[in-house]
Amino acid sequence: MSRFPKITNTYFMAIIATVGGMLFGFDISSMSAIVITEQYIDYFNNPSGVLQGAIGSALAAGSVVGSLMAGPISDKWGRRDSIMFACIWWLAGTAVQVSTKGVGSLIAGRVLNGICVGITSSQVPVYLAEIAKRDSRGRIILIQQLAIEWGILIMYFIGYGCSKISGTASFRTAWGTQLIPCVLLMIGLPFLPRSPRWLAKVGREAEAIQTLADIQAGGNKDDPLVVAEWEEIYTVLVAEREAVRGWRKFFINGMWKRTLAGMSVQAWQQMSGANVIVYYIGYVFLMADLEGDVNLVSSGIQYALFIIFTSIMFFFIDKTGRRPLLVYGAIGMAICHFVVGGLLGTYSIPVPEGVGGNKNVVIKVSGSPAHGVIAFSYLLIIVYALTLAPTAWVYAAEVWSLGTRATGMSLAAVANWLFNFALGLFTPPAFLNIKYKVFIVFGVLCIGAAIQAWFTYPETCGKTIEEIETLFAKGAPVAWKTKKGGSRLDAEIEAVLNRKEQGEDVHAVVHQELEKVPTGNGTEVAKETV
């Protein structure tokens, strides 16, 4: 891919890379639009309870595997090439789903797709965090969430259109269209540069400086921003080369705080219950007495709201800060869950045979309570789109050091996908057994998310990803006293400008010639030569 011309506009790079997120969205709604159709119910013998939970959560199971693979692959091959590797799994998984002969092969295909999603969901944010400027990093990473949501919306209405096709061609056609974004991603990736921080990490310093200059200053290696940022990158890199290696580095010298923050914010994103609404909105609206095309269109409106309100946050996420969105977003979602659970618990009637013949939905409400369930389901998604949905990805990508970022974000994604898998498996039988109490459980979990965010998540907005390291160091201020902005990079840029004015020859320096040496575990690290 080195022979292809490179486009270094950060928004272009983000749009291409986040097609990996669109794959995630495609796979989510490839099920949510299909599971309530007659063609799916008839062919797969109306799967319900744990069986439907297994089908729904198979993607997450594969994503756990993909996330575990992602860190070592990304550290060895680079962020960009790890995304290309992930595409191979998507092509294989989609082929298996399209040719499915039963539940077993459907689950297998979704597991293969999940391996791709596990890699892309962990490494696309890493790539974006490492190429973005500090004052636009939130917006750049937020494009990942927008891509997920566009994938959900596009695939949902493809599924809705394909529901009018008779027989198995209905879902096979819908699932086959998942090949399109993957092919587009594979075409676009060769035009993206490698991450300059990864290049520095593996000892390719001259290439790292040039790539950093291309992204930040139109190719000018002597630009004060490039000089100051490169010196900061190199200072951190030297310290990390002297640090402990192996898994201990995620837990010693205060690193456990970052590991806790990165993994827990991703876990809370799932335990907030919003993705359950996304996966099974058709079931929730069946409880609200919406059936047939009305159900499908109403569910589609939810996905449109998702995109609209996340798009609004594109303009504000780097102004509001991370902490307020995580804390108050979780509280707002808790209120929505409690209202939906209260309405269903107070006014629902049992339907033992299943609403509309669907065995997963055994209660329903009608009239004003049904309208309330629909309204607060929409409001839940609006609050989620404004807060936890984009911010959890941004925060999880920011908190790691250069030496731990690829594997650290993989660990964060593992937490995300483990809870995604557990909740995907839990939800259909929970709708059968504890019914409306599902929403009460998620409301309580949202309160827990708000409490932890308040006490343990320092504010990272407006700081370079090297500066964020000091927020977790010994002696750092407590999380609730940290504020956005206050980057020292401005002072460092000013210092470079002053040195230039005094006639000093200041430029980004390749400090050492580095060679690669084996580590004994199949990977290589950079080593200074004397």
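Small disclaimer: the values here were computed from a predicted structure and weren't measured. (Residues numbered from 1 in each chain as written. Predicted model: local features only at pLDDT ≥ 70, side-chain atom pairs only at ≥ 80, totals over all residues. Heavy atoms only, no water.)

### Digging into the environment of Met155
Piece 1. Here Met155 lies in helix 7 (residues 137-162).
Piece 2. On the accessibility criterion, Met155 (1% relative accessible area) is buried.
Piece 3. Residues Met155 and Ser32, 123 residues apart in the sequence, show an inter-C-alpha distance of 9.5 Å.
Piece 4. Setting aside its immediate chain neighbours within four residues, Met155 contacts Phe26, Ser29, Ser30, Ala174, Trp175, Thr177 and Gln178. (Helix = DSSP H or I, 4+ residues; strand = E, 2+ residues; numbered from the N terminus. Buried < 20%, exposed > 50% of the residue type's maximum accessible area, 1.4 Å probe, protein only. Contact = heavy atoms within 4.5 Å.)

### Considering helix 5 (residues 79-98)
Piece 1. A rise of 1.5 Å per residue sets the reference length of helix 5, with its 20 residues, at 28 Å; its end C-alpha atoms lie 29 Å apart and thus fit the reference within 8%.
Piece 2. Within helix 5, burial applies to Arg79, Arg80, Asp81, Ser82, Ile83, Met84, Ala86, Cys87, Trp90, Gly93, Thr94 and Gln97. (Expected span 1.5 Å × (residues − 1).)

### With respect to the pattern of salt bridges
Piece 1. Enumeration over the complete set of coordinates arrives at 14 salt bridges.
Piece 2. For Arg80, the salt bridge identified is with Asp81, shortest N-O distance 3.1 Å. Across this residue pair, the class does not change: Arg80 and Asp81 are buried.
Piece 3. Here Arg197 and Glu229 are joined by a salt bridge, their closest N and O atoms 2.7 Å apart. You can see Arg197 sitting in helix 10 (residues 196-201) and its partner Glu229 sitting in helix 12 (residues 224-241), a full 32 residues away along the chain. (Salt bridge = Lys/Arg side-chain N within 4 Å of Asp/Glu carboxyl O.)

### Describing the confidence of the model for the protein chain
Piece 1. Averaged over all residues, the pLDDT of the protein chain is 86; the fraction at 70 or higher stands at 94%.
Piece 2. Long-range and interchain partners of residues 513-530, a stretch whose pLDDT sits below 50, account for 34 contacts in this model, where long-range means more than four residues apart. (pLDDT = per-residue confidence, 0-100.)

### Comments concerning unusual backbone geometry
Piece 1. One non-glycine residue, Asp289, lies in positive phi territory at about 70°.
Piece 2. You can see Asp289 is positioned in the loop between helix 14 (274-287) and helix 15 (292-314).
Piece 3. Within the chain, Lys435 stands out as a residue other than glycine whose phi angle is a positive 55°.
Piece 4. Look at Lys435 and you get partly exposed, because its relative accessible area is 28%.

### A closer look at the packing of helix 13 (residues 255-271) against helix 20 (residues 405-433)
Piece 1. Where helix 13 contacts helix 20, the two axes come as close as 8 Å, and the packing angle between them is 25°. One finds that helix 13 runs roughly parallel with respect to helix 20. The interaxial crossing formed by helix 13 with helix 20 has right-handed handedness. When helix 13 is examined against helix 20, the residues Gly262, Met263, Gln266, Ala267, Gln269, Gln270 and Met271 are found in contact with a partner set consisting of Met409, Leu411, Ala412, Ala413, Ala415, Asn416, Phe419, Asn420 and Leu423.
Piece 2. Residues that form the contact of helix 13 with helix 20 fall into these classes: ten nonpolar, six polar and no charged. (Axes fitted to C-alpha atoms, helices over the stretch in contact; angles between N-to-C directions. Parallel < 35°, antiparallel > 145°, perpendicular 65-115°, else oblique. Left-handed = near helix turned anticlockwise from the far one by under 90°. Nonpolar A, V, L, I, M, F, W, Y, C, P; charged D, E, K, R; others polar.)

### Describing the nonpolar core
Here is a general trend for soluble globular proteins: nonpolar side chains tend to be buried in one another's company.
Piece 1. Within the largest apolar cluster, 147 residues are counted, with the highest numbers of intra-cluster contacts made by Phe24, Tyr40, Leu128 and Trp417.
Piece 2. In terms of residue count, helix 7 provides more of this core than any other element does, 13 residues in total.
Piece 3. Once residues within four sequence positions are removed from consideration, Trp417 is found in contact with Phe24, Leu59, Ala60, Ser63, Val64, Ser67, Val117, Gly118, Ser121 and Tyr279. (Core = buried A, V, L, I, M, F, W, Y, C linked by side-chain atoms within 4.5 Å.)

### What to know about the packing of aromatic side chains
Remark: the centre distance and the inter-plane angle together describe each pair of aromatic rings, the angle taken between the planes.
Piece 1. Following the criterion strictly, the structure yields 21 aromatic pairs and no others.
Piece 2. Taking 5.4 Å as the distance between ring centres and 75° as the angle between the ring planes, the aromatic pair formed by Phe4 and Phe191 counts as edge-to-face. One end of the pair, Phe4, is in the segment before helix 1 (10-17); the other, Phe191, is in the loop between helix 9 (179-188) and helix 10, with 187 residues separating them in the sequence.
Piece 3. Its relative accessible area of 39% is what places Phe4 among the partly exposed residues.
Piece 4. Here the aromatic cluster, defined as three or more aromatic residues joined through ring pairs, consists of Tyr40, Tyr43, Phe44, Phe171 and Trp175.
Piece 5. Sitting over the ring of Trp454, Arg323 keeps its end group 5.0 Å from the ring centre. (Phe/Tyr/Trp six-rings, centres within 6.5 Å; stacked < 30°, edge-to-face > 60°. Lys NZ or Arg CZ within 6 Å of the ring centre and 35° of its normal.)

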